[in-house]
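Coordinates in review
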Amino acid sequence: ICNSISRPTGEGCRTVPLAGHVGFDSLPDQLVNKSVSQGFCFNILCVGETGLGKSTLMDTLFNTKFEGEPATHTQPGVQLRSNTYDLQESNVGLKLTIVSTVGFGDQINKEDSYKPIVEFIDAQFEAYLQEELKIRRVLHTYHDSRIHACLYFIAPTGHSLKSLDLVTMKKLDSKVNIIPIIAKSDAISKSELTKFKIKITSELVSNGVQIYQFPTDDESVAEINGTMNAHLPFAVIGSTEELKIGNKMMKARQYPWGTVQVENEAHCDFVKLREMLIRVNMEDLREQTHSRHYELYRRCKLEEMGFKDTDPDSKPFSLQETYEAKRNEFLGELQKKEEEMRQMFVQRVKEKEAELKEAEKELHEKFDRLKKLHQDEKKKLEDKKKSLDDEVNAFKQRKTAAELLQSQGSQAGGSQTLKRDKEKKK
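Parameters and conventions
- Residues numbered from 1 in each chain as written.
- Predicted model: local features only at pLDDT ≥ 70, side-chain atom pairs only at ≥ 80, totals over all residues.
- Heavy atoms only, no water.
- pLDDT = per-residue confidence, 0-100.
- Helix = DSSP H or I, 4+ residues; strand = E, 2+ residues; numbered from the N terminus.
- Contact = heavy atoms within 4.5 Å.
- Pairing = 2+ DSSP bridges.
- Patch = residues over 30% accessible without salt bridge, like charges linked within 9 Å, V, L, I, M, F, W, Y side chains within 5 Å.
- Areas by Shrake-Rupley, 256 points an atom, 1.4 Å probe, with all protein chains shown as cover.
- Salt bridge = Lys/Arg side-chain N within 4 Å of Asp/Glu carboxyl O.
- Polar contact = N/O pair within 3.5 Å; in protein donor to acceptor, adjacent residues only side chain to side chain.
- Domains from an automatic or database assignment.
- Axes fitted to C-alpha atoms, helices over the stretch in contact; angles between N-to-C directions.
- Buried < 20%, exposed > 50% of the residue type's maximum accessible area, 1.4 Å probe, protein only.
- Phe/Tyr/Trp six-rings, centres within 6.5 Å; stacked < 30°, edge-to-face > 60°.
- UniProt positions renumbered as here; feature names shortened; annotations may be inferred.
- Parallel < 35°, antiparallel > 145°, perpendicular 65-115°, else oblique.
- Left-handed = near helix turned anticlockwise from the far one by under 90°.
- Nonpolar A, V, L, I, M, F, W, Y, C, P; charged D, E, K, R; others polar.

Some details on the confidence of the model for the protein
Overall, the prediction assigns the protein a mean pLDDT of 87, with 92% of residues at 70 or greater. Of all secondary-structure elements in the protein, the lowest mean pLDDT belongs to strand 1 (residues 4–5), at 46, while strand 6 (residues 149–154) reaches the highest, 96. In this model residues 1–6 is a low-confidence stretch, pLDDT under 50, and it forms 15 contacts with partners more than four residues away in sequence or in other chains.

A look at the pairing of strand 11 (residues 258–261)
Successive residues of a regular strand alternate their side chains across the two faces of the sheet. Pairing analysis gives four bridges linking strand 10 (residues 248–255) to strand 11, with the strands arranged antiparallel. When the bridges of strand 11 are listed, Tyr255 appears paired with Gly258.

As for a nonpolar patch on the surface
Taken together, Phe330, Leu331 and Leu334 make up a surface patch of nonpolar side chains, about 270 Å² in accessible area. With respect to the element layout, Phe330 can be found in helix 9 (residues 319–425).

Thoughts on the side chain of Thr101
Inspection of the secondary structure assignment puts Thr101 in strand 5 (residues 92–102). At 3.5 Å, the side chain of Thr101 and the backbone nitrogen of Gly48 are in polar contact. Apart from the residues within four sequence positions on either side, Thr101 is in contact with Leu45, Cys46, Val47, Gly48, Lys54, Val78, Gln79, Leu80 and Ile117.

Concerning the domain arrangement of the protein
Looking at the protein, the domain boundaries give domain 1 (38–305) and domain 2 (327–388). Once you take the C-alpha centre of each, domain 1 and domain 2 turn out to be 72 Å apart.

Some details on the sheet that holds strand 3 (residues 40–47)
Taken in spatial order, the six strands make up an open sheet running 4-5-3-6-7-8, and their pairing is mixed. On the outer flanks of this sheet lie strand 4 (79–89) and strand 8 (234–235), each paired with one strand and no other. Pairing of strand 6 with strand 7 (residues 178–182), which is carried by five bridges, proceeds in the parallel orientation. Residue Ile154 lies in a different strand from strand 7, and its bridge partner there is Ile182. Relative to the sheet, helix 8 (residues 282–304) contacts strand 3, strand 5 and strand 6, its axis offset from that of strand 3 by approximately 80°.

Brief notes about the environment of Ile211
Its place among the elements puts Ile211 in the loop between helix 5 (190–206) and helix 6 (219–229). Once the C-alpha coordinates of Ile211 and Gln130 are considered, the two residues, 81 residues apart in sequence, prove to be 28 Å apart. When residues no more than four places from it in sequence are discounted, the contact partners of Ile211 are Ile178, Pro180, Leu204 and Leu232.

Some remarks on the pattern of salt bridges
Evaluation of the coordinates by the stated rule reveals 19 salt bridges. Look at the salt bridges and you will find they share partners, linking Lys197, Glu265, Asp269 and Lys272 into a network.

Section: helix 2 (residues 54–61)
Side chains three or four residues apart in an α-helix point the same way, a direct result of the helix having 3.6 residues per turn. The buried fraction of helix 2 amounts to six of the eight residues, a majority that puts the element mostly inside the structure. The complete set of buried residues in helix 2 reads Lys54, Leu57, Met58, Asp59, Thr60 and Leu61. Structurally, helix 2 contributes buried residues whose contacts are with strand 3, strand 5, strand 6, strand 7, strand 10 and helix 7 (270–280).

Description of the packing of aromatic side chains
Scanning the model with the defined rule gives 10 aromatic pairs in all. Their ring planes at 55° and their centres at 6.0 Å tell us that Phe125 and Tyr294 sit as a pair that is tilted. Of this pair, Phe125 sits in helix 3 (residues 115–133) while Tyr294 sits in helix 8, and the two are 169 residues apart along the sequence. Tyr294 matches Phe125 in its accessibility class, with the two residues each being buried.

Topic: the UniProt feature "domain: Septin-type G" (unreviewed entry) in the protein
The residues that UniProt annotates with the feature "domain: Septin-type G" (unreviewed entry) are residues 38–304. Taken end to end, residues 38–304 is 37% helix and 22% strand, and its two terminal C-alpha atoms sit 35 Å from one another.

Re the side chain of Lys197
Within the element layout of this structure, Lys197 appears in helix 5. Assessed through its relative accessible area of 15%, Lys197 is described here as buried. At a separation of 3.4 Å, a polar atom in the side chain of Lys197 contacts the main-chain carbonyl oxygen of His231. Beyond its immediate stretch of four places on either side in the chain, Lys197 contacts Ile182, His231, Pro233, Ala235 and Asp269.

Quick word on the packing of helix 3 against helix 4 (residues 163–172)
At a closest axis distance of 10 Å, the pairing of helix 3 and helix 4 adopts a crossing angle of 15°. Classified by the angle their axes make, helix 3 and helix 4 are roughly parallel. Relative to helix 4, the crossing made by helix 3 is right-handed. Only Thr168, Lys171 and Leu172 of helix 4 make contact with helix 3, whose side of the interface consists of Ile117, Val118 and Ile121. Residues that form the contact of helix 3 with helix 4 fall into these classes: four nonpolar, one polar and one charged.

In structure tokens form, the structure reads like this:
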């Protein structure tokens with residue numbers, strides 16, 4: 001930078017010497033130092049069927065033995081297993097998160113196999129959005145768990161993509177950067193591999209699947225990225241076993257017919273994948289995740305919540321106005337629901353009153369029937385009592401008459417006996 005600022009000589013112009021070095025060319029260094037001190041995070045999602053070597057490839061990529069248990073083929077559903085590791089290279093720290101799909105493709109019905117993956121990615125977006133919406137947010141210390149790259153492992157069939165692969169990638173292409181790779185590519189011949197790559201690319205295009213394209217707008221990486229885009233999908237081989245080849249120890253796989261070198265570009269595309277994923281485009285993957293996929297999720301989510309940038313007249317609409325409009329809308333809905341509940345309550349009360357009146361009417365009718373029945377029974381009893389009283393009176397009268405007749409008869413019999421006695425004495 002020059003030591004003075006000058007303007008064209010003329011009236012009212014003068015040269016002002018600088019007191020020292022301006023130094024704003026050190027801004028990139030300041031950013032680098034700050035970023036290095038804070039460290040970086042990178043999150044990889046490995047999607048593929050069980051047994052395609054996802055864990056082995058991760059170990060090979062980062063030259064680290066990551067912890068993990070081998071998955072079985074007996075999983076009832078797809079589960080996502082996430083592990084975070086702190087890696088150090090020179091003075092740069094990296095918080096690496098590896099997410100693997102356990103049980104993917106092992107079920108008989110694979111119709112909903114993609115749903116747990118989509119839900120997991122959305123959950124990470126939602127967690128970051130909730131942190132952004134907080135009044136007191138700490139994004140500089142927040143552990144960003146959003147998926148930056150999705151390595152989609154394709155089985156080396158040599159024919160075409162499976163329907164499960166097409167459906168899953170179609171559901172994921174708007175949410176994550178998809179990098180398709182052919183796993184265990186040493187299982188098919190070189191000619192078959194070339195045809196397989198062409199077939200995969202054709203099927204992805206015909207089905208409208210948008211995979212991640214390495215950026216070519218930056219002149220420093222445009223040439224290499226343009227070349228690597230033509231090699232997609234990468235055919236890779238993973239191995240943690242080191243064999244002595246010549247005078248060097250190299251990662252390789254030993255077969256009865258020979259040795260496959262993982263880092264030999266004539267054998268596979270592992271080096272190309274490592275270069276593109278880690279050395280050249282890691283920051284672009286992080287940027288694409290934030291500026292494209294997360295922004296799409298954020299926009300859709302805020303629109304669902306009722307937030308918008310412009311009013312119906314296409315005029316700017318502030319957050320406060322959106323909040324007030326949403327609040328008024330909520331209050332209107334609340335009042336509407338309250339009125340509906342009140343009317344429902346009144347209707348229920350009226351129905352209950354009608355039911356009670358009907359029940360009261362039935363009770364009155366039942367009471368009248370019982371009362372009438374009681375009166376009839378009472379009348380019958382009174383009539384029966386009267387008839388019994390009449391019978392009793394008649395019986396008493398007959399008894400009295402009988403007693404009278406009996407007394408008269410006894411008196412007559414006594415007088416006759418006395419008369420006979422007198423006659424005997426004479």
